[in-house]
Each structure stands twice: as C-alpha cells, then as structure tokens.
Amino acid sequence: EVEVTVELRYLPCSLGARRFLGLVEQVRAQMEGMGVEEKEVEQILSLFSPDRIYELCLFYTVALLHIVFASLAFKNEIGFWSERRDMVGLSRRTVVGSAVCSVIVFLYLLDKSGTSLLVSGTAGFGALVDLWKVVRAHRVGRAEKSSAATRAEERTE
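Reading the values: rules and limits
Residues numbered from 1 in each chain as written. Predicted model: local features only at pLDDT ≥ 70, side-chain atom pairs only at ≥ 80, totals over all residues. Heavy atoms only, no water. Core = buried A, V, L, I, M, F, W, Y, C linked by side-chain atoms within 4.5 Å. Buried < 20%, exposed > 50% of the residue type's maximum accessible area, 1.4 Å probe, protein only. Contact = heavy atoms within 4.5 Å. Helix = DSSP H or I, 4+ residues; strand = E, 2+ residues; numbered from the N terminus. Expected span 1.5 Å × (residues − 1). Patch = residues over 30% accessible without salt bridge, like charges linked within 9 Å, V, L, I, M, F, W, Y side chains within 5 Å. Areas by Shrake-Rupley, 256 points an atom, 1.4 Å probe, with all protein chains shown as cover. Salt bridge = Lys/Arg side-chain N within 4 Å of Asp/Glu carboxyl O. Phe/Tyr/Trp six-rings, centres within 6.5 Å; stacked < 30°, edge-to-face > 60°. pLDDT = per-residue confidence, 0-100.

1. Here we look at the nonpolar core
Line of reasoning, step 1. Listed in full, the 5 residues of the largest apolar core are Trp81, Met87, Val95, Ala137 and Val140.
Line of reasoning, step 2. Not counting the four nearest positions on each side in its chain, Val140 is found in contact with Arg84, Arg85, Asp86 and Met87.

Here it is, written out as structure tokens:
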C-alpha cells in the first residue's frame, strides 16, 4: 500500500488580482502563438508571482534611476562641451582614447547575448556622445590654433 497525502489550499483573491491573472493568461497564449518556448514563457511569468513582485518593483526602480542619472550625466557632459571655446586643461588624446574605449565597450555589449537593452542603449548613447566630443575637441583645437596664429600675425605687424 502506498499512502499519499494531498493538501489543498484555498486562498481568495480580489477582483483586481483575478483580472490581472486573466490578462497574464492572455499574454501567455499570445506568446505561445508567436512561437516563444514554454520554458521562456514560464520564466517571464514567474516574475509576476507574489513572491517575486517586490524584486520586480525593485528592478524597475533601479532601472528608472539608472535612466534618470544617465540622462543627467549626458546633459551635463553635452552642456560642458558645447560651451567650450578653448582646450585649456583638456587633452585631445584623452578625449580620443575615451571615445575608443566607449566604442569598444559598446561593441562588446552588442556582441554579448543577454545584455539588457537598458545597459547597451546607455553605452551606445555614451559612445555617440564621446565621438561627438572628439569632433568638438577637434573643432575647438583648430579654432584655437587659428586664433593663436592670428594673434601672432598681429604682433609681428
């Protein structure tokens, strides 16, 4: 004889929770219709379990803060470089080196599967900003050299 113990739990849920579960089932059916594997659907739906909902909220909060701080950093960097009229205290070689490193990191993130779009998008925009800084530093440096040459001509006359 084999003895099996079966335990059933009945937990009532609110109308809003029931609607949410119905929506989740619709999304599940749509994802399976698009050819998403059962295992991947289960992983996605496991994020919405009551145990993991706090982790999901924390993830979205951190992602939102990342976006806010990254955009503020880009805004300050663009503002700093757009107002530059000279390269005093700045090195063109450092700007170029930083741009090369940013592009390499971005290409690595693109090549690596599983990288979040949030991370790779921020790295890509940062690489674009660094390339823009290289162009800006070149223009400022060229303008600086031409103004120095003009001042030297004025002194000799």
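2. Digging into helix H3 (residues 53–82)
Residue pairs spaced three or four apart in an α-helix point in one direction, given the helix's 3.6 residues per turn.
Line of reasoning, step 1. Taking 1.5 Å per residue, 30 residues should reach 44 Å; H3 reaches 43 Å between its end C-alpha atoms and fits that length.
Line of reasoning, step 2. For H3, the complete set of buried residues consists of Leu56, Ala63, Ala70, Phe74 and Trp81.

3. Remarks on a nonpolar patch on the surface
Line of reasoning, step 1. A cluster of nonpolar side chains, contributed by Leu64, Leu65, Val68, Phe69 and Leu72, occupies part of the molecular surface with about 470 Å² of accessible area.
Line of reasoning, step 2. Tracing the chain through its elements places Leu72 in helix H3.
Line of reasoning, step 3. On the basis of relative accessibility, which here comes to 42%, the residue Leu72 falls in the partly exposed class.

4. So, the packing of aromatic side chains
In this description, a pair of aromatic rings is defined by centroid distance and the angle of the planes.
Line of reasoning, step 1. Under the definition given, this model contains 3 aromatic pairs.
Line of reasoning, step 2. Where Phe59 meets Tyr60, the ring centres are 5.5 Å apart and the plane angle is 70°; that geometry is what we call edge-to-face. Like Phe59, the residue Tyr60 is exposed in the burial classification.
Line of reasoning, step 3. Measuring from centroid to centroid gives 5.9 Å for Phe80 and Trp81, while their planes differ by 85°, and the two rings are edge-to-face.

5. What about the pattern of salt bridges?
Line of reasoning, step 1. Tallied over the full model, the rule gives 7 salt bridges.
Line of reasoning, step 2. Where Arg9 meets Glu7, a salt bridge forms, and the shortest distance between an N and an O atom there is 3.6 Å.
Line of reasoning, step 3. For Arg9, a relative accessible area of 70% gives the class exposed.
Line of reasoning, step 4. For Glu7, a relative accessible area of 63% puts it in the exposed group.
Line of reasoning, step 5. Between Arg28 and Glu32 there is a salt bridge, with the nearest N and O atoms lying 3.6 Å from each other. Taken together, the residues span about one helical turn, with Arg28 and Glu32 both in helix H1 (residues 15–33) at a distance of 4 residues.
Line of reasoning, step 6. A cluster of three or more residues bridged by salt bridges with shared partners is formed by Arg28, Glu32, Glu38 and Glu42.

6. Side note on the confidence of the model for the protein chain
Line of reasoning, step 1. In the predicted model, the protein chain carries a mean pLDDT of 85, and 93% of its residues have values of at least 70.
Line of reasoning, step 2. Put simply, helix H2 (residues 38–46) is where the protein chain has its lowest mean pLDDT, 78, and helix H4 (residues 92–111) is where it has its highest, 94.

7. Focus: the environment of Ala99
Line of reasoning, step 1. Locating Ala99 in the fold gives a position in helix H4.
Line of reasoning, step 2. Exposure remark for Ala99: the relative accessible area of 2% places this residue in the buried category.
Line of reasoning, step 3. Along the backbone, Ala99 and Trp132 are 33 residues apart, and their C-alpha atoms lie at a distance of 8.9 Å.
Line of reasoning, step 4. In this structure, Ala99 is in contact with Asp130, Leu131 and Val134, ignoring residues within four places of it in sequence.

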